[in-house]
Amino acid sequence: MDIGHKIRQLRILKGLTQKELADRTELSKGFISQVERNHTSPSIATLIDILQCLGTTPAEFFNDIPEEQVVFVKEDYFEKQDHERHNTIKWIIPNAQKNQMEPILLKLEAGGSTNMDHPHEGEEFGYVLSGVITITLGSQTYKAKKGDSFYFVPSCTHFITSKTGAVILWVSSPPSF
């Protein structure tokens, strides 16, 4: 672990200059600079003082849980084409099945349908980015067009079709695709 770099990151995150941190810890600006560049190591007591002024604890500071990816670009997406149903699903948050919600981007070709047709626990939400879709919930059907959204509890057989093609942002909680 690069202690100096981590202290510098915390200081910047708190909006403090080296001088302000030095004043709060009763240390010199030069000492703070040397710690941040790993030219010197603070004693445990001094490190605890620095961390206290930065609003953290030693346990939080030394917890090396890797940061989770927050932003995903096109290259991160996982895509699956279903030629039988004439659709393409893009998982726009990779490995989202471990989350409470699983957003996907669904592209239905003309005459395409979804492969999510069984009842399951949870909720489903969608937003039609382009085209027109038919949502079938049991024996009921609903139309939605570009700019429309939909929400339902998937307690019965359900699927989405499009005669002309459509692109949908679809969120399922818990993940079930």
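A brief look at the structure comes next. Worth saying up front: this structure is predicted, and the values here are computed from it rather than measured. All residue numbers refer to positions counted from 1 along the written sequence of the respective chain. Where local features are concerned, this predicted model is filtered to residues with pLDDT of at least 70; where side-chain atom pairs are given and counted, the filter is 80 or more; whole-chain, interface and lining totals use all residues. Side-chain measures were taken over the full set of non-hydrogen atoms in the model, leaving aside hydrogen atoms and water.

### A look at the overall build of the protein
- The helix and strand labels rest on DSSP assignments: H or I over at least four residues marks a helix, E over at least two residues marks a strand, and numbering proceeds from the N terminus. A tally of regular secondary structure across the protein gives 5 helices and 9 strands.
- In the protein, the succession of α and β elements from N to C terminus is α-α-α-α-α-β-β-β-β-β-β-β-β-β.
- Here the protein, with 177 residues, has 34% of them falling under the buried criterion.
- Across the protein, contacts joining residues at least 24 apart in sequence account for 61% of those joining residues at least 6 apart.
- Total accessible area on the protein is roughly 10800 Å²; 53% of this is exposed by carbon and sulfur atoms. For every residue, the accessible area (1.4 Å probe, protein chains only) is compared with the maximum for its type, and the residue is labelled buried under 20%, exposed over 50%, or partly exposed between those bounds. Only heavy atoms matter for contacts: two residues are in contact if any of them lie within 4.5 Å across the pair. Method for areas: the Shrake-Rupley scheme with a 1.4 Å probe, in which residue coverage is limited to the protein chains shown.

### Concerning the pairing of strand 8 (residues 158-162)
- Here strand 8 shows a buried face lined by His158, Ile160 and Ser162 and an unburied face lined by Phe159 and Thr161.
- When DSSP finds two or more bridges between two strands, those strands count as paired. Across 2 bridges, strand 4 (residues 112-113) lies against strand 8 in antiparallel orientation. Within the sheet, the bridge partner assigned to glycine 112 lies in strand 8 and is serine 162.
- In this structure, strand 5 (residues 123-137) lies alongside strand 8, joined through 4 bridges in antiparallel fashion.

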